Amino acid sequence: MPQQYTLWISARKDSGTAWFLGALALIAVVVPILNLVVPPSSAFHISAYGLTLVGKYLCYALLALSVDLIWGYCGILSLGQAAFFSLGGYAMGMYLMREIGPRGVYGNPVLPDFMVFLNYKSLPWFWHGFNHFGFALLMMLLAPGLLAFAFGWFAFRSRVTGVYLSIITQALTYALMLAFFRNDMGFGGNNGFTDFKDILGFDLHSEKVHVFLLLITAFVLAGSYLLCRMVVSSRAGRVIRAIRDAESRTRFLGYRVESYKLWVFVLSSVLAGIAGALYVPQIGIINPSEFSPINSIEVVIWVAMGGRGTLYGAALGAILVNYAKTYFTSTIPEAWNYALGALFVLVTLFLPRGIIGLVSGREKKRGPVAQLQAQAEQAERAKE
Amino acid sequence: MSGHDRTLYLDRLTVSFDGFKALNELTLQIDPGELRCIIGPNGAGKTTMMDVVTGKTRPDSGTARFGDKLNLLEMSEPEIAQAGIGRKFQKPTVFERLTVFENLELALAGDKSFLRTLLARRTLKQENRIFEVLEIIGLTQQHQALAGILSHGQKQWLEIGMLMMQEPELLLVDEPVAGMTPQEIERTSSLLLSLAGEHSVVVVEHDMEFVRSIAKRVTVLHEGRVIAEGNMDQVQNDPRVIEVYLGA
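Bear in mind that the values here come from a model prediction, so they are computed numbers and not experimental data.

Student: For the interface of chain B and chain A, give the residues involved together with the corresponding values.
Tutor: Tallying the contact residues gives 30 residues for chain B and 31 residues for chain A. For the side of chain B that touches chain A, the elements supplying multiple residues, two or more each, are α2 (77-83), α3 (100-107), α4 (114-119) and α5 (124-137) of chain B. Among the residues making up the side of chain B that touches chain A, the classes are represented as 15 nonpolar, eight polar and seven charged.

Student: Provide a residue-level description of helix α4 (residues 81-100) of chain A, including the pertinent values.
Tutor: Residue and element names in this part refer to chain A. The terminal C-alpha atoms of α4 lie 29 Å apart, and with 20 residues this matches the ideal 28 Å at 1.5 Å per residue to within 8%. Burial analysis of α4 places 19 of its 20 residues in the buried class, which makes it a mostly covered element. Of the residues trailing α4, G101 is marked for its positive phi of about 60°.

Student: Would you mind going over the pairing of strand β8 (residues 200-204) of chain B in detail, with residue names and values included?
Tutor: Residues and elements named next belong to chain B. Within β8, five of the five residues are buried, which leaves the element mostly enclosed by the surrounding structure. Where burial is concerned, the two faces of β8 agree: the one with S200, V202 and V204 and the one with V201 and V203 are both buried. As judged from the five bridges shared by strand β7 (residues 170-174) and β8, these two strands associate in the parallel manner. Residue pairing across strands places V173 opposite V203, the latter belonging to β8. In this region the chain leaves β7, passes through helix α7 (residues 182-195) and returns to the parallel neighbour β8; the handedness of that crossover is right-handed.

Student: Residue-level account of the sheet that holds strand β1 (residues 8-17) of chain B, with values.
Tutor: In any sheet, the strands associate via hydrogen bonds between backbone groups, in a parallel or an antiparallel arrangement. All names here are of chain B. Spatially, β2-β1-β4-β5 is the arrangement adopted by the four strands of the open sheet, whose pairing is antiparallel. Here the strands that pair on one side only, and so sit at the sheet edges, are β2 (20-30) and β5 (70-71). Two strands pair when backbone bridges link them, and β1 and β2 are joined in this way by seven bridges, in the antiparallel orientation. The partner of L8 across the bridge, within β2, is I30.

Student: So what about the domain arrangement of chain A? Which residues, and what values?
Tutor: You'll often see interface size given as the accessible area lost when the parts meet. Residues and elements named next belong to chain A. For chain A, the domain assignment lists domain 1 (12-320) and domain 2 (352-384). With centres defined by C-alpha atoms, the gap from domain 1 to domain 2 works out at 31 Å. At the interface, ten residues of domain 1 touch six residues of domain 2. Within the residue set of the side of domain 1 that touches domain 2, elements represented by two or more residues are α12 (293-306) and α13 (312-331). Its residues placed into classes, the side of domain 1 that touches domain 2 shows three nonpolar, five polar and two charged.

Student: Residues and numbers for the environment of B:P32, please.
Tutor: Residue and element names in this part refer to chain B. When you line up the elements, P32 lands in the loop between β2 and β3 (35-39). Residue class for P32 comes out partly exposed when judged on the 19 C-beta atoms lying within 10 Å of it. Between the C-alpha atom of P32 and that of E169, which follows or precedes it by 137 residues, the distance is 8.1 Å.

Student: Describe in detail helix α6 (residues 152-165) of chain B, supporting the description with residues and values.
Tutor: Residue and element names in this part refer to chain B. The first and last C-alpha atoms of α6 sit 20 Å apart over 14 residues, in line with the 20 Å expected at 1.5 Å per residue. Within α6, 13 of the 14 residues are buried, which leaves it mostly tucked inside the rest of the structure. Positive phi appears at E167, one or two residues downstream of α6, with a value of about 50°.

Student: Now, about the sheet that holds strand β10 (residues 225-230) of chain B: what can you tell me, with residues and values included?
Tutor: Residues and elements named next belong to chain B. One open sheet accounts for six strands, arranged β6-β7-β8-β3-β9-β10; its pairing is mixed. Each end of this open sheet is capped by a strand with a single partner; those strands are β6 (85-88) and β10. The mean inter-strand angle of the sheet, taken between neighbouring strand axes irrespective of direction, is 20°. Strand direction decides the pairing type here: β3 and strand β9 (residues 217-222), joined by four bridges, are parallel. By the bridge assignment, C37 is partnered in β9 with V218. Along the sheet, helix α1 (residues 46-53) contacts β3, β6, β7, β8 and β9; its crossing angle with β7, the most-contacted strand, is approximately 145°. Along the sheet, α7 contacts β3, β7 and β8; its crossing angle with β8, the most-contacted strand, is approximately 145°.

Scoring rules and cut-offs
- Residues numbered from 1 in each chain as written.
- Chains lettered and ligands numbered in written order.
- Predicted model: local features only at pLDDT ≥ 70, side-chain atom pairs only at ≥ 80, totals over all residues.
- Contact = placed C-beta atoms within 7 Å.
- Helix = DSSP H or I, 4+ residues; strand = E, 2+ residues; numbered from the N terminus.
- Nonpolar A, V, L, I, M, F, W, Y, C, P; charged D, E, K, R; others polar.
- Expected span 1.5 Å × (residues − 1).
- Buried ≥ 20, exposed ≤ 12 C-beta atoms within 10 Å, placed from the backbone.
- Pairing = 2+ DSSP bridges.
- Right-handed = clockwise from strand over helix to strand, strands pointing away.
- Domains from an automatic or database assignment.
- Axes fitted to C-alpha atoms, helices over the stretch in contact; angles between N-to-C directions.

The structure is reproduced here in structure tokens:
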């Protein structure tokens, strides 16, 4: 009997992972070819702008993954993920600013332009070390991770849950936005960082470097996906879902719910930070508006639309919604916010499992286990 | 099975909520391997007592000891659970979106830290133990089903099964037969009876028929204190009990 069970578990492994990694590999192969090999005169050519867009979508997919991990699996609706994304982005931005060196407008070999402009006499202490890529890389992980650890440690220990936690995560990102807007914070005020020259000596204006950045992003996204998949399909992953569905029961089984939440929250925010760090060199700018509360809410919408609690659904939602956003804002910009709102309402009402639910719903009716699952979900919905 | 003289010892526990004394100098002792039923009208403090024992509520005064050494009032809920006190809630709470098997697996005794569970591999021994418990609670057939689709009675048994997986010294069982059919009740009685001896079991229940069928010793609570203790006949003939509870 036990062996039979093990077999069943492996058979239940989703085909979604294969689809997701396959699609990602396809993007990583096709997009560079369309940019570098296909001539600009061809209709299939992807411009530098198109390349940047695809890179941006992949960064957003990673951000969505981080939200799905904490919200879809652990039930914690964090509305502050953009804060971690921005912190990762700022850490990368600080490296890129130092990398400019004497090539800035003012030609100061140490101080970035905005510091010269704001009459800084010397480099603030927290800017030291950012001329080394390795140190900056560490900070891209540590800054969001440590903030999430400190914040989560207090919030989860005080048993702040549900909508209250969502609100304080919004407050967190809002407070950071206000702080980063200030000129005397030493992060460039409302202009943030821009005019980057190169990364590790590679020219950021070259399309080849952008192709390379895109490939790295795709690779990191795939790796992060597999890491998340490993976490959610481990026993710890089942504990996390148990916490989502019946927190106090889990506590009475002897699990330290707070520490589970904290680990997942830290992991999720580090992933968000990596997404931000990959975003900045491709987009070429980071400023405090990245912290704005609406950004975090938008990520939640992507995840809800794609289908939460599946990981690949979140990534799909991020890419589709942002593609739609690019399309709408260039054709009928005033309609976008209405379209987004309408989509969100429609998905919540008619597709509680998101777009992924549409696809996998059909598949699930096949096996007996799937039928039981469908019944259970129906029963749950009936209860609500 | 344990070397203790007593499994649980509560001494003059008092809990008040806004002036209302949910527990009023409650003193209670549970012996190793004992099956004890606790009855009492609504608001007698039965659930509050369980909350104190499992660390959910802190009393204003009094002591609560588990075994000879452990002071329950200084321990958190997971620590108490890990020390060997399992609790079944009044309303069946199982993890509805996990399978029956996974529900039992999560209840397995052992190290429950994040890193350990992240890397945990199920051993054959653990799987066999899970199937053993599935057999006892009669859910072998349903082990792949999501717990959410089980009937009310089956959920109660699953939850009792989860308690067994924890290998606790003491099981606290809150209203196990509420809403059950007579056949299900019968099955639950034999399940609880089979658990006593190896574990100490404390059952809180309203159903007098059921209490009579399983209990050797019955404790009657009223307004947060013990007003009678003994076998079912003694308790039923106690004039104070008749006045506050049975006679009503």
